[in-house]
Amino acid sequence: MTSIAVIFGASGGIGSAMRDHLEAGSGYDKVIALHRTSSPPLDLLDERMIQACADRVREEEGDVRLLFDATGALTLGSARPEKSLRELDPEVLARSYAINAIGPALLMKHFLPLLPKEGRSVFATLSARVGSIGDNGLGGWFAYRAAKAGLNQLVRTASIELARKNPAAICVALHPGTVKTPLTENFAKTGLDVQEPAVAAERLVDVLTSLKPADTGGFFDQNGRPIPW
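Quantities reported herein were computed from a predicted structural model and do not represent experimental measurements.

**Student:** Quick one: what's the story with the side chain of Ser121, residue by residue and with numbers?
**Tutor:** Its location among the elements puts Ser121 in strand S4 (residues 121–126). Not counting residues within four places of it along the chain, the set of residues in contact with Ser121 comprises Val64, Arg65, Leu115, Pro116, Asn166, Ala168, Ala169 and Ile170.

**Student:** Describe the sheet that holds strand S8 (residues 219–220), naming the residues involved and giving the relevant values.
**Tutor:** Pairing between the strands of a sheet comes from backbone hydrogen bonds, and it takes one of two forms, parallel or antiparallel. One open sheet accounts for 6 strands, arranged S2-S1-S3-S4-S5-S8; its pairing is parallel. Since the sheet does not close on itself, it has two edges, and those belong to strand S2 (30–34) and S8, each with one partner. As defined by bridge partners, strand S3 (residues 63–69) adjoins S4 across 4 bridges and the pair is classed as parallel. By the bridge assignment for S4, Leu66 is matched with Val122. Packing of helix H1 (residues 13–23) onto the sheet brings it into contact with strand S1 (3–8), S2, S3 and S4, and relative to S1 it is tilted by some 165°. Across the face of the sheet, helix H4 (residues 142–165) comes into contact with S4, strand S5 (169–174) and S8 while running at roughly 175° to S5.

**Student:** Pulling in residues and values, what's your account of the packing of aromatic side chains?
**Tutor:** Aromatic ring pairs are defined here through the distance separating the ring centres and the angle between the ring planes. Going through the model one piece at a time under the given rule, you end up with 3 aromatic pairs. Both rings, one in Phe8 and one in Phe111, keep their centres 4.7 Å apart while their planes meet at 70°; by these two values the pair is edge-to-face. Within this pair, whereas Phe8 is found in strand S1, its partner Phe111 is found in helix H3 (residues 90–111), the two being separated by 103 residues in sequence. Relative accessible area serves as the criterion here: at 0%, Phe8 is assigned to the buried category. When the ring of Trp141 is compared with that of Tyr144, the centres are 6.3 Å apart and the planes differ by 70°; the resulting orientation is edge-to-face.

Conventions used here
- Residues numbered from 1 in each chain as written.
- Predicted model: local features only at pLDDT ≥ 70, side-chain atom pairs only at ≥ 80, totals over all residues.
- Heavy atoms only, no water.
- Helix = DSSP H or I, 4+ residues; strand = E, 2+ residues; numbered from the N terminus.
- Contact = heavy atoms within 4.5 Å.
- Pairing = 2+ DSSP bridges.
- Axes fitted to C-alpha atoms, helices over the stretch in contact; angles between N-to-C directions.
- Phe/Tyr/Trp six-rings, centres within 6.5 Å; stacked < 30°, edge-to-face > 60°.
- Buried < 20%, exposed > 50% of the residue type's maximum accessible area, 1.4 Å probe, protein only.

Printed below as a string of structure tokens:
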């Protein structure tokens, strides 16, 4: 049976690198790349477009064995990550949550039902270490941290429902590390392990390959190490 991988946000730095890596040979017969200008287009803020993308994938012959969500946004227009409470803007908070949590949740709503009822399959979404409540020792970045923490809870909850339908399926959140993309170029500090997107993609694929059903609902870094909630 043909095995299918679907990448969401495949026009971004990590998403395009994942597409290239999987197409170069990682055990999937077909790689479907979805993004704002794909056919059909994907817009996380429009559930009808997400549904249309799911309907398109449903028409494919084969089993969807990997759903990889590389969507997300740290900066929103001219709004920068907050340094203190006085910078909180309710519109920025709402938009960050819409893009970084609600959008991926809708991907799970419409695409997890496409995974086979038997055999190993994986849904992975890019979260961020700053979304960890237990690992937060610096403060700041309120909207992004809160949205990614919300995403982690959504993944955890969805994994429980998914396991009831297929005990071999895996649903996880991944921290890709600091990757050289437009999202991080103004925030990467000296001393960080800043990776090229191709390197990040290779590391993430290694993590995806190593995951077991017992790992479902977890939050892992680019080396496969668990991150505290």
